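# Observations on the model geometry
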Amino acid sequence: MTGNKIVLIGGGVRSGKSSFAVERSLILGERRAFIATATRSDAEMNARIDRHQADRMNAFKTVEEPLELADALSALSDYDVVLVDCLTHWFSNLLLRKLLLDEILRRVDDVITILQNRRFHAVLVTNEVGMSVHPPTSLGRAFVEICGFAHQRFARAADEVVLAVLGTTLRIKPAAMPHVVERTS
């Protein structure tokens, strides 16, 4: 897709990834949509969702879709940029619906196919969970495994991959240009 990018932004909780994704989306186009995958489940989650909505400053049409991400993306062809926040909520929603790894990865592949044929920039936010402790429960281990395999697939499809850490961002794909020392002699 000429000119349109898939930008994958990963990082830990409170790393600055969502703020960076909003800022990046604001420069990528005037007609913006936001796909929210989180669901309101308790007071803390309600506050988190409200804070994210305020951060977007009404600059996006919001679509709440916790499960059918491929369908939501397909319906947004009239936009310049679509921001999805976040993939890990989507993975956990599918896992809690008792979908198995193969089915979740099939859905990941469906989303990637749609993104590769889109007419808009896609900015995807996700949590990097692979740098955490090894989960003690089977559900936790399944979640980490799904995230790992899915993130690898999204990263391969992405034009840009950005890591957010400590409130800063580092572009890791495409790689930065190598530093060339200019010779004076």
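Residues numbered from 1 in each chain as written. Predicted model: local features only at pLDDT ≥ 70, side-chain atom pairs only at ≥ 80, totals over all residues. Heavy atoms only, no water.

Once that is clear, we can look at the overall build of the chain. When helices and strands are counted, the chain shows six helices and seven strands. Along its sequence from the N terminus, the chain presents helices and strands in the succession β-α-β-α-β-α-β-α-α-β-α-β-β. Taken over C-alpha atoms, the radius of gyration comes to 17 Å for the chain, in line with the 16 Å a tight globule of 185 residues would show. Counting only C-alpha atoms and orienting by the principal axes, one finds that the chain spans roughly 65 × 40 × 30 Å. For the chain, buried positions account for 44% of its 185 residues. The long-range share in the chain, meaning contacts at least 24 apart out of those at least 6 apart in sequence, stands at 77%. (Helix = DSSP H or I, 4+ residues; strand = E, 2+ residues; numbered from the N terminus. Rg over C-alpha atoms; globule rule 2.2 N^0.38 Å. Buried < 20%, exposed > 50% of the residue type's maximum accessible area, 1.4 Å probe, protein only. Contact = heavy atoms within 4.5 Å.)

Before going further, it helps to spend a moment on the packing of helix α4 (residues 87-96) against helix α6 (residues 138-157). Contact geometry of α4 with α6 gives a least axis separation of 10 Å together with a crossing angle of 130°. With respect to their mutual orientation, α4 and α6 come out oblique. You can see that α4 and α6 cross each other, and the crossing is right-handed. Of the residues in α6, those touching α4 at Leu-87, Thr-88, Trp-90, Phe-91, Ser-92, Leu-95 and Leu-96 are Leu-139, Ala-142, Phe-143, Ile-146, Cys-147, Ala-150, His-151 and Phe-154. (Axes fitted to C-alpha atoms, helices over the stretch in contact; angles between N-to-C directions. Parallel < 35°, antiparallel > 145°, perpendicular 65-115°, else oblique. Left-handed = near helix turned anticlockwise from the far one by under 90°.)

What follows covers the environment of Ala-33. Looking at the secondary structure, you find Ala-33 in strand β2 (residues 32-36). As a C-alpha pair, Ala-33 and Thr-62 span 29 residues in sequence and 5.9 Å in three-dimensional space.

Next up on the list: α4. Taken across its 10 residues, α4 has eight buried, putting it largely inside the fold. Within α4, burial applies to Leu-87, Thr-88, Trp-90, Phe-91, Ser-92, Asn-93, Leu-94 and Leu-95. The secondary structure elements touched by the buried residues of α4 are β1 (6-11), α3 (69-74), β4 (81-85), α5 (101-116), β5 (121-127) and α6. One or two residues past the end of α4 sits Lys-98, with phi positive at roughly 70°.

A few words now on the pattern of salt bridges. Side chains that differ in charge, positive against negative, can pair when their charged atoms come close. Summed over the entire model, instances satisfying the criterion amount to nine salt bridges. Across the salt bridge formed by Arg-107 and Glu-68, the nearest N and O atoms sit 3.4 Å from each other. Pair noted here: Arg-107 is in helix α5 and Glu-68 is in the loop between β3 (61-64) and α3, with a separation of 39 residues, a long-range link. Across the pair Arg-106 and Glu-103 runs a salt bridge whose closest N-O atoms are separated by 2.6 Å. Here Glu-103 and Arg-106 lie together in helix α5, a separation of three residues that amounts to about one turn. In this structure Glu-103 comes out as partly exposed when scored by relative accessible area, which is 26%. Where salt bridges share partners, they join Glu-68, Glu-103, Arg-106, Arg-107 and Asp-110 into one cluster. (Salt bridge = Lys/Arg side-chain N within 4 Å of Asp/Glu carboxyl O.)

Counting across every chain of the model gives two aromatic pairs. The interplanar angle of 75° and the centroid separation of 6.2 Å between the aromatic rings of Phe-34 and Phe-60 together place this pair among those described as edge-to-face. Here the residue Phe-34 occupies a position in strand β2, and Phe-60 occupies one in the loop between α2 (43-55) and β3, the gap between them amounting to 26 residues. Take Phe-34 and Phe-60: they sit in the same class, and that class is buried. Summarising the aromatic geometry, the rings of Trp-90 and Phe-91 are spaced 5.7 Å apart at their centres and angled 40° between planes, so their arrangement reads as tilted. The buried category is assigned to Trp-90, whose relative accessible area is 1%. The ring of Phe-60 is capped by Arg-32, whose NZ or CZ atom sits 6.0 Å from the centre of that ring. (Phe/Tyr/Trp six-rings, centres within 6.5 Å; stacked < 30°, edge-to-face > 60°. Lys NZ or Arg CZ within 6 Å of the ring centre and 35° of its normal.)

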